[in-house]
Amino acid sequence: MLFEPYTLRGLTLRNRLVVSPMCQYSSADGFASDWHLVHLGSRAVGGAGLVFTEASAVEARGRISPEDLGIYKDEHVEKLAQITRFIKAQGAVPGMQIAHAGRKGSTRRPWESPPGTVSPAEGGWIPVGPTTEPFAPNYPVPTALDEREIATILRAYADAARRALAAGFEIAELHFAHGYLVHEFYSPLSNTRTDRYGGSFENRIRLALEIAAAFRAVWPEDRPLFARISSTDWTPGGWDIEASVELAKRLAAAGVDLIDCSSGGNVADARIPMEPLYQVPFAERIRRDAKVPTGAVGLITTPEQCEAILQRRQADLILMAREFLRDPYFPLSAAGELDAEISWPKQYERAKPARRAVSS
Ligand SMILES: Cc1cc2nc3c(=O)[nH]c(=O)nc-3n(C[C@H](O)[C@H](O)[C@H](O)COP(=O)(O)O)c2cc1C
């Protein structure tokens, strides 16, 4: 099943293994670099069905760090087009994660010390959020978006759709998770606005739905659109799985084809019970109750786990992040372990192990 093709709208993935979006902090002014070509390209060579870029910002102040990938200039398209051409030539589908960091923007890349905020004098910026409340005491104090600025951001998403298309991406994923802008709006813990973007559930999810509609209006009918959500804030009184099921239904009605079920990121001191497969129940619940295809992600590391999640109908796709950093060729070896058929790159074929004899 893991190595069976999967079709959504007009697109077929060669298998159900997806390289989860991962920030590489290897850009200047949002431009993709040779690092991205080799990093994403290797995982396409390694047999993944779908290879997502990292979170790619729709405006410069929507980056997490100054070194994030962006899709906020027409000039970004050229290098990205080289990358998508290479990924497609390996038989994989190139996907772009489209993002806005909101109040969690203008921070240092993780390996820099000291950690924390990048000041405007050092090339950082004042980030934006639903309110002027920072994510945590060591994070920048954001400015609160007014309705006119929200309209500008909606246009930035539509422009990003146009550029991602021009760059050759075949799937886009809206990053609505991990405490970034859209999650900040839908969570009652971070959104205490009193206008039509705050207060009730309907008002808090308005930004998510408007972005999905603005993006879908540009993104072609035959191309799939995913949304990654945080299924819970892991905090009493916060966003929860019931709200996620409802949001998933509403996103599906707005043209989203698959919900990528992550969690957390909006509450600095939330206690998250991280253990293998800990987010899979969210993918299962949303798939069952919202009747929308889902992706499972989070501490999935073995071929057997991937196969079992799909066999139990808990999700339609498997996204993996760190295991793909450890082993870009995970799909090639996983197919061997599951005794499934996968075609190796011609250049590497002589390294392909013989298939095990099937016992009767
Ligand atoms: C280096 C790194 C960068 C990440 N960047 C992103 C990102 O850009 N967008 C996103 O939605 N998640 C990001 N994540 C989260 C992963 O996509 C994934 O959801 C998480 O690591 C759990 O999956 P795993 O246990 O397979 O690593 C990142 C994770 C890592 C390790």
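Above this text sits the structure in question.
An account of the accompanying structure is given in this report. (Residues numbered from 1 in each chain as written. Predicted model: local features only at pLDDT ≥ 70, side-chain atom pairs only at ≥ 80, totals over all residues. Heavy atoms only, no water.)

**So, the packing of aromatic side chains**
Rules: Geometry of aromatic contacts follows a simple scheme: Phe, Tyr and Trp rings, the Trp one being its six-membered ring, pair when their centres are within 6.5 Å, and the pair is stacked under 30 degrees between planes, edge-to-face over 60, tilted otherwise. Only DSSP runs of H or I with at least four residues qualify as helices, and only runs of E with at least two residues qualify as strands; both kinds are numbered from the N terminus onward. When a residue's accessible area, from a 1.4 Å probe over protein chains only, is under 20% of the maximum for its type it is buried; when over 50% it is exposed; and in between it is partly exposed.
In this structure the tally under the stated criterion is 11 aromatic pairs. When the ring of Trp 234 is compared with that of Phe 282, the centres are 5.5 Å apart and the planes differ by 65°; the resulting orientation is edge-to-face. Residue Trp 234 is located in the loop between β9 (225–230) and α7 (241–253), and its partner Phe 282 is located in helix α8 (residues 280–289); the two are separated by 48 residues in the primary sequence. On the basis of relative accessibility, which here comes to 23%, the residue Trp 234 falls in the partly exposed class.

**Focus: the site of the ligand**
As a reminder, the rule being used: A single heavy atom is enough: if one lies within 4 Å of a molecule or strand, its residue is considered near that molecule or strand. We define a polar contact as two N or O atoms separated by no more than 3.5 Å, with the added condition that, inside protein, one atom must be a possible hydrogen donor and the other a possible acceptor, whereas residues neighbouring each other in sequence contribute only through side-chain atom pairs. Values of accessible area rely on a 1.4 Å probe in the Shrake-Rupley scheme; residue burial ignores everything except the protein chains shown.
With respect to spatial proximity, 16 residues lie near the ligand, and among them Ser 20, Pro 21, Gln 97, Leu 299 and Arg 322 are the closest. Between an oxygen atom of the ligand and a main-chain N or O atom of Leu 299, the distance comes to 2.7 Å. Burial of the ligand by the protein amounts to 81% of the accessible area it has alone, namely 600 Å².

**A few points about helix α3 (residues 147–166)**
What counts is decided by this rule: One less than the number of residues in a helix, times 1.5 Å, gives the span that helix is expected to have. In this analysis, two residues are considered to be in contact whenever any of their non-hydrogen atoms come within 4.5 Å of each other.
For α3, spanning 20 residues, the distance from its first C-alpha to its last is 29 Å, which sits close to the expected 28 Å at 1.5 Å a residue. Inspection of α3 places Glu 149, Ile 150, Ile 153, Leu 154, Ala 156, Tyr 157, Ala 158, Ala 160, Ala 161, Arg 163 and Ala 164 among the buried residues, and these make up the whole buried set. Buried-residue contacts for α3 involve α2 (77–89), β5 (93–99), β7 (143–144), β8 (171–176), α4 (181–186) and α6 (206–218). For α3, the side-chain oxygen to backbone nitrogen distance between the N-cap and Arg 148 is 3.2 Å, and the N-cap itself is Asp 146. Backbone geometry just downstream of α3 places Gly 168 in the positive-phi region, at approximately 95°.

**Description of the pairing of strand β10 (residues 258–262)**
Keep this limit in mind: Whether two strands pair depends on DSSP finding at least two bridges between them.
Burial within β10 is extensive, with 5 of its 5 residues counted as buried. Residue alternation in β10 divides its side chains into two sets, Leu 258, Asp 260 and Ser 262 and Ile 259 and Cys 261, and both sets are buried. Bridging between β9 and β10 involves 5 bridges; their strand directions are parallel. From the neighbouring strand, Arg 228 faces β10, where its bridge partner is Asp 260.

**Brief notes about the environment of Glu 307**
Positionally, Glu 307 belongs in helix α9 (residues 303–311). What makes Glu 307 buried here is its relative accessible area of 15%. The spatial distance from the C-alpha of Glu 307 to the C-alpha of Arg 16 is 9.6 Å, given a sequence separation of 291 residues. Aside from chain neighbours lying at most four places away, what touches Glu 307 is Met 1, Leu 2 and Leu 338. From its side chain, Glu 307 meets the backbone nitrogen of Leu 2 in a polar contact 3.0 Å long.

**Structural notes on the sheet that holds β9**
This is how it is decided: Working convention: axes come from line fits to C-alpha atoms, limited for helices to the stretch in contact. Angles between N-to-C directions cover 0 to 180 degrees.
Spatially, 8 strands are ordered β3-β4-β5-β8-β9-β10-β11-β12 in a closed barrel, and the strand pairing comes out parallel. Sheet twist, expressed as the mean angle between neighbouring strand axes with direction ignored, is 25°. As paired elements, β10 and strand β11 (residues 294–297) share 3 bridges and run parallel to each other. Bridge assignment links Asp 260 to a residue of β11, and that residue is Gly 295. In the packing of α3 onto the sheet, contacts are made with β5 and β8, and the angle to β5 comes to roughly 165°.

**Points about the side chain of Gln 279**
Considering the arrangement of structural elements, one finds Gln 279 in the loop between β10 and α8. A polar atom in the side chain of Gln 279 sits 3.3 Å from the side chain of Tyr 278. With residues near it in sequence (within four places) discarded, Gln 279 still touches Cys 261, Ser 262, Ser 263, Val 297 and Gly 298.

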